[in-house]
Amino acid sequence: MKENDPDFYIQGVLKNNRRIIAKTITLIESSLARDKNKSFEIVKELLPYSGKSIRLGITGIPGVGKSTFIENLGLYLCNKGHKVAVLAVDPTSRKSGGSILGDKTRMEKLAANENTFIRPSPAGITLGGVAAKTREAMLVCEAAGYDILLVETVGVGQSETTVSTMVDFFLVLLIAGAGDELQGIKKGLLEIADAIAINKADNDNIKKAKKARKTYEMALHLVAPGASSWIPPVLTCSSILEKGTENVWNIVLKHNKLTKNTGEFDHKRKEQAVEWMWNLVDDGLKKKFMEINSVKKEIPKISEKVKQGIISPSAAAEKLLSYLKV
Ligand SMILES: Nc1nc2c(ncn2[C@@H]2O[C@H](COP(=O)(O)OP(=O)(O)O)[C@@H](O)[C@H]2O)c(=O)[nH]1
Ligand SMILES: [Mg+2]
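This write-up is about the structure you can find in this document. Please read all numbers here as calculations on a predicted model, not as lab measurements.

Quick notes on the rules
Counting restarts for each chain, with residues numbered from 1 along the sequence as it is written. Labels follow written order: the first chain is A, the first ligand is 1, and so on. Local features in this predicted model are restricted to residues whose pLDDT is 70 or higher, and side-chain atom pairs enter the listing and the counts only when it is 80 or higher, whereas totals over whole chains, interfaces and linings include all residues. Hydrogens and water molecules were not included; the side-chain quantities draw on all heavy atoms of the structure. Two rings from Phe, Tyr or Trp (for Trp, the six-membered ring) form a pair when their centres are within 6.5 Å of each other. A pair whose planes differ by under 30 degrees is stacked, one over 60 is edge-to-face, and the rest are tilted. Burial classes follow relative accessibility: with a 1.4 Å probe on protein chains only, a residue under 20% of its type's maximum area counts as buried, one over 50% as exposed, and anything between as partly exposed. Secondary structure elements follow DSSP: runs of H or I no shorter than four residues count as helices, runs of E no shorter than two count as strands, and numbering proceeds from the N terminus. In plain words, nonpolar cores are sets of buried Ala, Val, Leu, Ile, Met, Phe, Trp, Tyr and Cys residues tied together by side-chain atoms within 4.5 Å. These domain limits were set by an automatic method or by a database of domain assignments. Residues count as neighbours in contact if any of their non-hydrogen atoms are within 4.5 Å of one another. By definition, a salt bridge exists where a carboxyl oxygen of Asp or Glu is found within 4 Å of a side-chain nitrogen of Lys or Arg. Under the rule applied, a polar contact is a pair of N or O atoms within 3.5 Å (in protein, one hydrogen donor and one hydrogen acceptor; residues adjacent in sequence only if both atoms are side-chain atoms). Patches in this entry comprise residues that are over 30% relatively accessible and not in a salt bridge; like charges within 9 Å are linked, as are nonpolar side chains (Val, Leu, Ile, Met, Phe, Trp, Tyr) within 5 Å. Methods summary: accessible areas were calculated by the Shrake-Rupley approach with a probe of 1.4 Å, and residue burial reflects only the protein chains presented.

1. A look at the packing of aromatic side chains
Counted by the stated rule, this structure contains three aromatic pairs. Ring geometry for phenylalanine 8 versus tyrosine 9: centroids 5.0 Å apart, planes at 90°, classification edge-to-face. Classification of tyrosine 9 as buried rests on a relative accessible area of 5%. For the pair phenylalanine 169 and tryptophan 230, a centre-to-centre distance of 6.3 Å together with 75° between the ring planes defines the contact as edge-to-face. Of this pair, phenylalanine 169 sits in strand β5 (residues 169-175) while tryptophan 230 sits in the loop between α10 (206-223) and β7 (234-236), and the two are 61 residues apart along the sequence. In this pair, the class of phenylalanine 169 matches that of tryptophan 230, namely buried.

Structure representation (structure tokens):
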């Protein structure tokens, strides 16, 4: 079978050939038109085999210990007989090219395990682009038999909000700092967290971590959405001492069981699929719009007028959109 035959990829993925899984994701990440058709075909064929996994998103600022935590959790899950895929969503990786390599070396033990597949973030594309590709990469991994997907995202910009719409469970890793804990946390992060783990609860840090845990517990009670049956717990862990990993996993399992019973699990996945569709429609529309010649010509002129205050943003938007009718 040749590499330009979609079946080469489909069969390779279904047989859990890691080399071909990697090639398939590279194809999906490609922006070439001829690759696009092929990857549509491949994803379509793999779709029926996907979906049977637990999708766990993990976020936190750089240095909080995400990679260390994931390596621990990944090894723990492999020992339990799971197959684990790790995907990274890091729109900053294009700037700091080294971070990918750093992560990979830090996950050495996990990467060496034959029941895992690790994929760093594609460099050089925007958050929207990374996220779109990551969703498809997730489907590929599921079709390849990985039953647990760990999606690591850096807590910078919008990436955690985006990832929270792709996963079943969203874990926020924090470290205890001095003073007022809540000041350091980004607005909105508490609303999307399904659990918070205070990492680096070791050595001199144990006391501070316990205190932070109480503070966040209180804060979470205040923001807990009324409609949901889940109150996000706050835990402490030490990735370096490999402590607390099992507790975090048990919380994920508890959440999985509960939301499956209430129907929230299925509901969320369906909503996420529809949202994904609309994201793609939004992207596609904007791309097509920007290709209209009169729009291309008008944009620099009209942007300047908006900057100068000569025309209002809404009038300018209306003018641009009027070209759609032509
Ligand atoms: N003391 C302590 N250090 C940790 C812990 N977890 C990670 N680290 C260290 O923190 C640094 C950043 O870890 P890393 O996993 O790369 O963080 P990431 O940027 O969030 O992926 C590394 O030097 C780790 O060894 C922990 O639980 N306790
Ligand atoms: Mg990392």
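2. What about unusual backbone geometry?
Of note in the backbone geometry, asparagine 16 takes a positive phi value of approximately 55° without being a glycine. In this structure, lysine 200 takes a positive phi of about 65° despite not being glycine. Position of lysine 200 relative to the elements: it lies in the loop between β6 (195-199) and α10. With a relative accessible area of 32%, lysine 200 lands in the partly exposed category.

3. Quick look at the nonpolar core
Among the nonpolar cores identified, the biggest contains 50 residues, and Ile21, Cys141, Tyr146, Ile196, Ile198 and Tyr216 are the most heavily contacted of them. The element that contributes the greatest number of residues to this core is helix α7 (residues 127-143), accounting for nine residues. Here this core spans two domains, since at least three of its residues come from each of domain 1 (1-49) and domain 2 (51-262). Not counting chain neighbours up to four residues away, the residues in contact with isoleucine 198 comprise Leu174, Ile175, Ala176, Ala209, Ala212, Arg213, Tyr216, Val234, Leu235, Thr236 and Cys237. Ile70, Leu110, Ile148 and Leu235 belong to the second largest nonpolar core, which has 29 residues in total.

4. Regarding the pattern of salt bridges
Side-chain pairing between opposite charges can occur once the charged atoms of the two side chains come close. By the definition in use, this model includes seven salt bridges. Between glutamate 142 and arginine 55 there is a salt bridge; the shortest N-O distance is 2.7 Å. You can see glutamate 142 sitting in helix α7 and its partner arginine 55 sitting in strand β1 (residues 54-60), a full 87 residues away along the chain. For the pair formed by glutamate 142 and arginine 55, the shared burial category is buried. Arginine 213 is the salt-bridge partner of glutamate 217, the closest N and O atoms lying 3.6 Å from each other. Taken together, the positions of glutamate 217 and arginine 213, both in helix α10 and four residues apart, correspond to about one turn of that helix. Residue classification places glutamate 217 among the partly exposed residues on the basis of a relative accessible area of 30%.

5. Some words on helix α1 (residues 6-14)
Residues of α1 that are buried: Phe8, Tyr9, Ile10, Gly12 and Val13. Looking at the buried side of α1, the elements it contacts are α2 (18-29), α3 (33-46) and α7. Of the residues that open α1, the one with a side-chain oxygen 2.9 Å from the backbone nitrogen of aspartate 7 is aspartate 5. Just beyond α1, the residue with positive phi is asparagine 16, at close to 55°.

6. Observations concerning the side chain of threonine 24
As for its placement among the helices and strands, threonine 24 is situated in helix α2. Threonine 24 has contacts with Tyr9, Val13, Ile42 and Val140, leaving out every residue within four places of it along the chain.

7. Describing a nonpolar patch on the surface
Together, Val274, Met277, Trp278, Val281 and Leu285 make up an exposed nonpolar region whose accessible area comes to about 470 Å². With respect to the helices and strands, methionine 277 occurs in helix α12 (residues 264-291). According to the relative accessible area criterion, methionine 277 is partly exposed, its value standing at 42%.

8. Quick word on the side chain of asparagine 72
If you trace the backbone, asparagine 72 turns up in helix α4 (residues 66-79). The exposure class of asparagine 72 is buried, given its relative accessible area of 11%. Those residues in contact with asparagine 72, other than ones at most four positions away along the chain, are Ser239, Glu242 and Thr245.

Honestly, that's just the spatial picture; any functional story needs more than this.
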